[in-house]
Amino acid sequence: MPKLLKALMVVADEYSVVDFGALKIAMMMLGLILGIYFSTYLVRWMPLIVVIFIITYVYIVVRTLIGVEKNEKKVKIKRK
């Protein structure tokens with residue numbers, strides 16, 4: 001399994017913005033399909049789903065901002 005993950009990471013490093021956009025759209029559509037299919041079952045789990053969304057969203061935002069701050073010195077981003 002670790003070899004597969006390493007191979008996937010190498011391929012993901014070569015993704016373009018369009019590739020990541022297509023991946024995000026595909027995952028969104030899968031989420032919609034599953035949400036529609038299991039809608040009556042998922043209603044009672046909505047508070048938990050919202051909490052998980054908020055936690056993961058904040059995690060990604062913080063990690064991204066920390067990454068930008070660290071790389072700002074390396075890339076020399078010019079601010080207007």
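Please refer to the structure placed before this passage.
Residues numbered from 1 in each chain as written. Predicted model: local features only at pLDDT ≥ 70, side-chain atom pairs only at ≥ 80, totals over all residues. Heavy atoms only, no water.

Give a description of the packing of aromatic side chains that names residues and reports values.
This model, assessed by the stated rule, comprises 3 aromatic pairs. Relative to Phe20, the ring of Tyr15 lies with its centre 5.2 Å away and its plane at 70°, an arrangement referred to as edge-to-face. Residue class for Phe20 comes out partly exposed when judged on its relative accessible area of 38%. Centre to centre, the rings of Tyr37 and Phe38 are 4.7 Å apart; their planes meet at 90°, and the pair counts as edge-to-face. Judged by relative accessible area, which is 64%, Tyr37 ranks as exposed. Residue classification places Phe38 among the partly exposed residues on the basis of a relative accessible area of 38%. (Phe/Tyr/Trp six-rings, centres within 6.5 Å; stacked < 30°, edge-to-face > 60°. Buried < 20%, exposed > 50% of the residue type's maximum accessible area, 1.4 Å probe, protein only.)

Lay out helix α1 (residues 2-13) in plain terms, naming residues and giving numbers.
In this model α1 runs 17 Å from its N-terminal to its C-terminal C-alpha over 12 residues, within 8% of the 16 Å that 1.5 Å per residue would give. The buried fraction of α1 amounts to 0 of the 12 residues, a small share that puts the element mostly on the outside. (Helix = DSSP H or I, 4+ residues; strand = E, 2+ residues; numbered from the N terminus. Expected span 1.5 Å × (residues − 1).)

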